[in-house]
Amino acid sequence: RQGGMLDVAVYRSQGDDDVTIYLCYSLLIGDKTVTAIDKAGFDGTNLTNRQTIFKSNNPAVTAIHYGCRLALDKTYLYASLGERGQRHDAQNPSLHSGAVIRLFHDGSIPANNPRIRNWAPELLTKGHRNPQGLAIHPETGKIWAHEHGPRGGDEINIITPGKNYGWPKVSHGKEYIGGSIGSGTSAPGLVDPVWVWTPSIAPSGMAFYKGDMFPFLNGHILVGSLKFKRLYLVVLENGLPVRESVMLEAAIGRIRDVAVAFDGSVLLLSDEVDGGLYRIAEAGQ
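The rules we used
Residues numbered from 1 in each chain as written. Predicted model: local features only at pLDDT ≥ 70, side-chain atom pairs only at ≥ 80, totals over all residues. Heavy atoms only, no water. 1 Å grid on protein atoms, 1.4 Å probe; cavity = no way out; pocket = protein on both sides within 12 Å on 5 of 7 lines; lining within 4 Å. Points joined across faces, edges and corners; volume = space filled by probe spheres on them. Salt bridge = Lys/Arg side-chain N within 4 Å of Asp/Glu carboxyl O. Helix = DSSP H or I, 4+ residues; strand = E, 2+ residues; numbered from the N terminus. Disulfide = S-S within 2.5 Å. Buried < 20%, exposed > 50% of the residue type's maximum accessible area, 1.4 Å probe, protein only. Core = buried A, V, L, I, M, F, W, Y, C linked by side-chain atoms within 4.5 Å. Contact = heavy atoms within 4.5 Å.

Visitor: I keep staring at empty space enclosed by the protein and nothing clicks. Help me out?
Guide: If a probe the size of a water molecule is rolled over the atoms, the empty space left behind becomes visible. Applying the stated criterion across every chain yields a total of two cavities of 30 Å³ or more. Approximately 60 Å³ is the volume found for the largest cavity. Every residue lining the largest cavity is listed: Gly127, Arg129, Glu147, His148, Gly149, Pro150, Gly153, Glu155, Tyr165, Trp167, Val170 and Ser171. As a volume, the second largest cavity reaches approximately 30 Å³. Every residue lining the second largest cavity is listed: Glu155, Tyr165, Val170, Ser171, His172, Thr185, Val191, Asp192 and Pro193.

Structure representation (structure tokens):
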């Protein structure tokens, strides 16, 4: 269903020819699956010394809501984890379900993770549904994530360590069969999203634009949409989203991921049967 290869991230130290590849995927264990992260070297052709550095502790028969986007800064590896269709597990502090986790690049656990009572040590935040976008703000270094709501209520959140983002206690979405979810859209002690899509766009992939090719995009967010087959531009002012526009619609099908290349062009991955990797660039570039 929704399992398989979920994300790939690459880390290269500044001035270092060594490249480290991180893979996030669904790992079969018996008749259940978990979300796993592997680390490997790269010799220019093949992966080398591949090893599993993380396995989620919430194996499930349901093959949905894996989430899993990866992001790397100079110190940490971040990963978003879905609640695997078991919504109340997103509020269970001992499980990796519905969370953003933080590890060192080698998979070890930072001592400055929240360490809240009963929380699994890898956890950075809880209360997420199915987060399929993760990006680091190029100026503030803060982690931003977006996630699928149910029927409506897709969210963008700014990740603050130790916080609970509410699912399924609160939601801007509705049950698929109709009716509200939880106690409403907001509650004390739970973090509100900074942006909400209703109806759902089924967001997948997210990147802050920073480049010379399209300077008018600098500082804003590019988000792919599976449902509407669109590329969205989410405009930020004073550090928060204020409006959006559609940059591309139904041209390449379902947009699964978005990235900004070193030259400032925009790379889009379509997961249609005849999909592929696409590049948006200035004419002649």
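Visitor: Sorry, what's going on with the pattern of salt bridges here?
Guide: Side chains bearing opposite charge may pair, as long as their charged atoms lie close to each other. Per the counting criterion, the structure on display carries nine salt bridges. We note a salt bridge from Arg69 to Asp257, for which the minimum N-O separation is 3.9 Å. Here Arg69 is found in strand β5 (residues 67-72), whereas its partner Asp257 is found in strand β17 (residues 255-260), with 188 residues between them in sequence. Residues Asp263 and Arg279 are paired through a salt bridge, measuring 2.8 Å at the closest nitrogen-oxygen approach. Here Asp263 is found in the loop between β17 and β18 (266-270), whereas its partner Arg279 is found in strand β19 (residues 277-280), with 16 residues between them in sequence.

Visitor: Is there a simple way to explain the state of the cysteines in this structure?
Guide: When the sulfur atoms of two cysteines share a covalent bond, that bond is a disulfide. Inspection of the entire model under this criterion finds one disulfide. The disulfide bridge from Cys24 ends at Cys68, spanning 1.8 Å between sulfur atoms. Note on the Cys24 and Cys68 pair: the S-S dihedral is about 105°, so by sign convention the disulfide is right-handed. Of this pair, Cys24 sits in strand β2 (residues 19-29) while Cys68 sits in strand β5; the two residues are 44 residues apart in sequence, bridging distant segments of the chain. Comparing Cys24 with Cys68 shows no difference in burial state: the two are buried.

Visitor: It is not clear to me how the side chain of Thr35 should be interpreted in this structure. Could you clarify?
Guide: Secondary-structure assignment places Thr35 in strand β3 (residues 32-42). A relative accessible area of 3% means that Thr35 is categorised as buried.

Visitor: In this structure, what is going on with the nonpolar core? I would like to understand it.
Guide: Side chains that are nonpolar tend, in soluble globular proteins, to be buried together. Counting 21 residues, the largest nonpolar core has Tyr22, Ile37, Leu70, Leu77 and Ile101 as the members making the most contacts within it. Not counting the four nearest positions on each side in its chain, Ile101 is found in contact with Ile37, Phe54, Leu77, Tyr78, Ala79, Leu81, Glu122, Leu123 and Leu124.

Visitor: Looking at this model, I keep getting lost on the environment of Lys169. Mind explaining?
Guide: Looking at the secondary structure, you find Lys169 in the loop between β11 (154-159) and β12 (195-197). A C-alpha to C-alpha distance of 30 Å links Lys169 and Lys229, two positions 60 residues apart in sequence.

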